[in-house]
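Residues per chain, in single letters:
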Amino acid sequence: VPVLFKQALENTEMEEGKSVSLRCELTKADATVVWKKGEATLQASAKYEMKQKGTVAELVIHHAEPEDA
């Protein structure tokens, strides 16, 4: 059975320099989630924090900038 989105990402407005959290919910717990910006795969770093608990995957972008859109 393929893993699907129960709840897709929503557009989020952010304030420059602050942190923003993007969340999605999947149909299967602990499925592998790959976060991308365009064609580039994001890697965990001081800027990008990836979290996953059960069916909810979260990407936190620290010190958000307009280029993060």
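Reading the values: rules and limits
- Residues numbered from 1 in each chain as written.
- Predicted model: local features only at pLDDT ≥ 70, side-chain atom pairs only at ≥ 80, totals over all residues.
- Heavy atoms only, no water.
- Helix = DSSP H or I, 4+ residues; strand = E, 2+ residues; numbered from the N terminus.
- Buried < 20%, exposed > 50% of the residue type's maximum accessible area, 1.4 Å probe, protein only.
- Contact = heavy atoms within 4.5 Å.
- Areas by Shrake-Rupley, 256 points an atom, 1.4 Å probe, with all protein chains shown as cover.
- 1 Å grid on protein atoms, 1.4 Å probe; cavity = no way out; pocket = protein on both sides within 12 Å on 5 of 7 lines; lining within 4 Å.
- Points joined across faces, edges and corners; volume = space filled by probe spheres on them.
- Nonpolar A, V, L, I, M, F, W, Y, C, P; charged D, E, K, R; others polar.
- Polar contact = N/O pair within 3.5 Å; in protein donor to acceptor, adjacent residues only side chain to side chain.

- As recorded by an unreviewed UniProt entry, the protein carries the name OBSCN protein and is attributed to Haliaeetus albicilla.

### Describing the overall build of the protein
Alright, step 1. Helix and strand counts for the protein come out as zero helices and six strands.
Alright, step 2. Taken from N to C terminus, the helices and strands of the protein fall in the order β-β-β-β-β-β.
Alright, step 3. Principal-axis analysis of the C-alpha atoms places the extent of the protein at approximately 40 × 20 × 20 Å.
Alright, step 4. Burial status across the protein gives 22% buried among its 69 residues.
Alright, step 5. Sequence-distant contacts in the protein: of pairs separated by 6 or more residues, those separated by 24 or more amount to 46%.
Alright, step 6. Accessible surface, the protein as shown: approximately 5,300 Å² in total, 51% of it carbon and sulfur.

### Digging into the layout of surface pockets
Alright, step 1. Considered as a void within the structure, the largest pocket measures approximately 370 Å³ in volume.
Alright, step 2. As for the largest pocket, its lining consists of 16 residues, and the residues nearest its centre are Leu22, Leu59, Ile61, Asp68 and Ala69.
Alright, step 3. Only β2 (20-26), β3 (36-37) and β6 (56-61) provide two or more residues apiece to the lining of the largest pocket.
Alright, step 4. Class assignment of the residues belonging to the lining of the largest pocket gives a composition of 10 nonpolar, two polar and four charged.
Alright, step 5. Within this model, the second largest pocket holds a volume of roughly 150 Å³.
Alright, step 6. Residue lining of the second largest pocket: Val3, Leu4, Phe5, Leu9, Cys24, Leu26, Ala31, Thr32, Val33, Val34 and Trp35, and that is the complete set.

### A short note on the side chain of Asp68
Alright, step 1. Mapped onto the fold, Asp68 is located in the segment after β6.
Alright, step 2. At 2.9 Å, the side chain of Asp68 and the side chain of Lys47 are in polar contact.
Alright, step 3. Within polar-contact distance, the side chain of Asp68 engages the backbone nitrogen of Glu65 at 2.8 Å.
Alright, step 4. Filtering out sequence-adjacent residues up to four positions away, Asp68 remains in contact with Met14, Lys37, Lys47, Tyr48, Ile61 and His63.

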